[in-house]
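Results of the structural survey
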4 protein chains.
Amino acid sequence: MVADFAISPVGLGPSLSPYVAEAFKIIERSGVAYQHHAMGTNLEGEWDEVMAVIKACRDAMLASADRVSITIKIDDRPGAGSRLDYKVRSAQEKM
Amino acid sequence: MVADFAISPVGLGPSLSPYVAEAFKIIERSGVAYQHHAMGTNLEGEWDEVMAVIKACRDAMLASADRVSITIKIDDRPGAGSRLDYKVRSAQEKM
Amino acid sequence: MVADFAISPVGLGPSLSPYVAEAFKIIERSGVAYQHHAMGTNLEGEWDEVMAVIKACRDAMLASADRVSITIKIDDRPGAGSRLDYKVRSAQEKM
Amino acid sequence: MVADFAISPVGLGPSLSPYVAEAFKIIERSGVAYQHHAMGTNLEGEWDEVMAVIKACRDAMLASADRVSITIKIDDRPGAGSRLDYKVRSAQEKM
């Protein structure tokens, strides 16, 4: 599956990039395939491994914030192979 | 935490309510506090129990659909007590 | 169409209910059909009227916050009639 | 503002890329700054211009589908300058 995921602390000032940097470290060490974009990160893998990465980001953020906001959008298509790069290319080829 | 959650099959005709009914059964049997609304269901509980309910809904839907779309929006505020009813009331009292 | 909508300021402390109360006032005065729930508000109407309400909430919030976060999830099914109450009931009847 | 935006028809088979290709054309002709990623497209511009692009994509999709699903996540920070590339870089520099 592919999960588009964003996390941010609530109530800790308008600059979120130090908190996002912490999440990036966890994602990059996790071994799960990922693609950062301006509004989140796409993770690709099995349900349990993807959700474990998101939970680890949340646990780390709750160590410095009292309240955390998370959005996750999942496209789950078992057997479809790797789609992180494929999805944009597939639509572009049909233009 | 509170998680607003919606799930739907992709590519199975415009009427989704039979699939949603299946998810409702899983949610209602789970014992997790919930609130249905027109666009999803709010679940309240610990991370692992809420995510287990969402995963069970997804596993059930993948038994009849090749592709499933899920959105999850989480508000995680440890120690804040039950907020399923409180959040709307709290804002209404400040109007 | 039905739009599930949530708005919050970024960087203004962990208690968001005074800001949400301001949005509630705008929604309730707008004349658009609505349903508050713990994680947002469902609005029902034509595209332009629903989007005008969301923009008015955003303009009001940007008067007191430097940064605002908004999520909108839309289910657009022209000719389907009013669905704010119908959608949950329809799934429950199929359980 | 930056808006992460995804649109899909409901009930038209599991392969969505022809419909997504149609949306890509509208986005690319619009003149609004954009960044495609595996799960959506980030649009950057003023509220009215970004929302006009999203509405045009929706109008085009409703010409071939009875039901359309849209998600929009907005980060609105007036005066912050262009952030489509900046946001990922800013977090990476803090790692």
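Bear in mind the structure is a predicted one, so any value in this text is a computation, not a measurement.

1. What about the interface of chain A and chain D?
How big an interface is tends to be expressed through the accessible area that disappears when the partners come together. On the chain D side, the residues contacting the 27 residues of chain A number 27 residues. When residues of the side of chain A that touches chain D are traced back to their parent elements, those giving at least two are β1 (2–9), α1 (17–30), β2 (33–37), β3 (40–44), β4 (68–76) and α3 (86–93) of chain A. A total of 6 residues in the side of chain A that touches chain D trace back to one element, the largest contributor, which is α1(A). Among the residues making up the side of chain A that touches chain D, the classes are represented as 11 nonpolar, 9 polar and 7 charged.

2. Some details on the pairing of β4(A)
Within β4(A), 9 of the 9 residues are buried, which leaves the element mostly enclosed by the surrounding structure. Alternating positions in β4(A) separate into two faces, V68(A), I70(A), I72(A), I74(A) and D76(A) on one and S69(A), T71(A), K73(A) and D75(A) on the other, with burial throughout. When β1(A) meets β4(A), the two strands line up antiparallel, connected through 8 bridges. Directly across from D4(A), in β4(A), lies its bridge partner K73(A). Here 9 bridges tie β4(A) to strand β4 (residues 68–76) of chain B, and the two strands are oriented antiparallel to one another. Looking across to β4(B), one finds that I72(A) is bridged to I72(B).

3. Describing the interface of chain C and chain A
In this assembly, 8 residues from chain C lie in contact with 8 residues from chain A. Looking at the side of chain C that touches chain A residue by residue, the classes come out as 3 nonpolar, 3 polar and 2 charged.

4. Examining the packing of helix α1 (residues 17–30) of chain B against helix α2 (residues 47–62) of chain B
Residues and elements named next belong to chain B. Contact geometry for α1 and α2: axes closest at 9 Å, N-to-C directions at 145°. You can see that α1 and α2 cross each other, and the crossing is right-handed. On the side of α1, the interface is formed by Y19, E22, A23, I26, I27 and S30, while α2 contributes V53, A56, C57, A60 and M61. Per-class residue counts for the contact of α1 with α2 are 9 nonpolar, 1 polar and 1 charged.

5. Thoughts on the sheet that holds strand β3 (residues 40–44) of chain B
Spatially, the 8 strands line up as an open sheet ordered β2(A)-β3(A)-β1(A)-β4(A)-β4(B)-β1(B)-β3(B)-β2(B), and their pairing is antiparallel. Two strands bound the open sheet, and with one partner strand each, they are β2 of chain A together with β2 (33–37) of chain B. Averaged over all neighbouring strand pairs, the angle between strand axes comes to 20°, with direction disregarded. Sheet topology note: the strand β1 (residues 2–9) of chain B/β3(B) ladder contains 4 bridges and is antiparallel. For D4(B), the partnering residue across the bridge sits in β3(B) and is N42(B). Of the strands in this sheet, β1, β3 and β4 of chain A together with β4 of chain B touch helix α2 (residues 47–62) of chain A, which is tilted by about 5° from β1(A).

6. Looking at the relation of the copies chain C and chain A
The operation relating chain C to chain A is a screw motion whose rotation component is 180°, with 0.0 Å of axial translation and a residual RMSD of 0.0 Å. In symmetry terms, the pair is related by a two-fold rotation axis. Measuring from the rotation axis to each C-alpha of chain C, the shortest distance belongs to G11(C), at 2.4 Å.

7. Quick notes on the environment of L84(A)
Here L84(A) lies in the loop between β4 and α3. For L84(A), a count of 16 C-beta atoms within 10 Å corresponds to the partly exposed category. Once the C-alpha coordinates of L84(A) and Q35(A) are considered, the two residues, 49 residues apart in sequence, prove to be 7.3 Å apart. With near-sequence residues (within four places) excluded, L84(A) lies in contact with V2(A), A33(A), Q35(A), N42(A), E44(A) and A38(D).

8. Some details on the sheet that holds strand β3 (residues 40–44) of chain C
Read from one edge to the other, the open sheet built from 8 strands follows the order β2(C)-β3(C)-β1(C)-β4(C)-β4(D)-β1(D)-β3(D)-β2(D), with strand pairing classed as antiparallel. Looking at the sheet topology across the chains shown, the edges are occupied by β2 (33–37) of chain C together with β2 (33–37) of chain D. In this sheet, neighbouring strand axes are inclined to one another by 20° on average, regardless of whether the strands run parallel or antiparallel. Where β2(C) and β3(C) come together, 5 bridges link them in antiparallel fashion. Residue pairing across strands places Y34(C) opposite L43(C), the latter belonging to β3(C). Of the strands in this sheet, β4 (68–76) of chain C together with β1 (2–9), β3 (40–44) and β4 (68–76) of chain D are in contact with helix α2 (residues 47–62) of chain D, which crosses β1(D) at around 5°.

9. Quick word on the confidence of the model for chain A
Residue and element names in this part refer to chain A. With 99% of its residues at a pLDDT of 70 or more, chain A has an overall mean of 91. For chain A, the element scoring lowest by mean pLDDT is α3, at 80; α2 scores highest, at 97. Quick note on the complex model: pTM equals 0.93, ipTM equals 0.91.

10. A short note on the relation of the copies chain A and chain D
When chain A is fitted to chain D, the residual RMSD is 0.0 Å, and the transformation amounts to a turn of 180° plus an axial shift of 0.0 Å. A share of 100% of the interface residues of chain A reappears at the interface of chain D, consistent with the copies meeting face to face through the same patch.

11. Notes on the packing of α1(A) against helix α3 (residues 86–93) of chain D
Orientation of α1(A) relative to α3(D), taken along the N-to-C sense of each, is 75°, at an axis distance of 7 Å. Judged by the inter-axis angle, α1(A) sits roughly perpendicular to α3(D). Contacts from S17(A), V20(A), A21(A) and F24(A) of α1(A) reach α3(D) at S90(D), A91(D) and Q92(D). Counted by class, the contact of α1(A) with α3(D) contains 4 nonpolar, 3 polar and no charged residues.

Rules of the game
Residues numbered from 1 in each chain as written. Chains lettered and ligands numbered in written order. Predicted model: local features only at pLDDT ≥ 70, side-chain atom pairs only at ≥ 80, totals over all residues. Contact = placed C-beta atoms within 7 Å. Helix = DSSP H or I, 4+ residues; strand = E, 2+ residues; numbered from the N terminus. Nonpolar A, V, L, I, M, F, W, Y, C, P; charged D, E, K, R; others polar. Buried ≥ 20, exposed ≤ 12 C-beta atoms within 10 Å, placed from the backbone. Pairing = 2+ DSSP bridges. Axes fitted to C-alpha atoms, helices over the stretch in contact; angles between N-to-C directions. Left-handed = near helix turned anticlockwise from the far one by under 90°. Least-squares fit on C-alpha atoms with pLDDT ≥ 70 in both. pLDDT = per-residue confidence, 0-100. Parallel < 35°, antiparallel > 145°, perpendicular 65-115°, else oblique.

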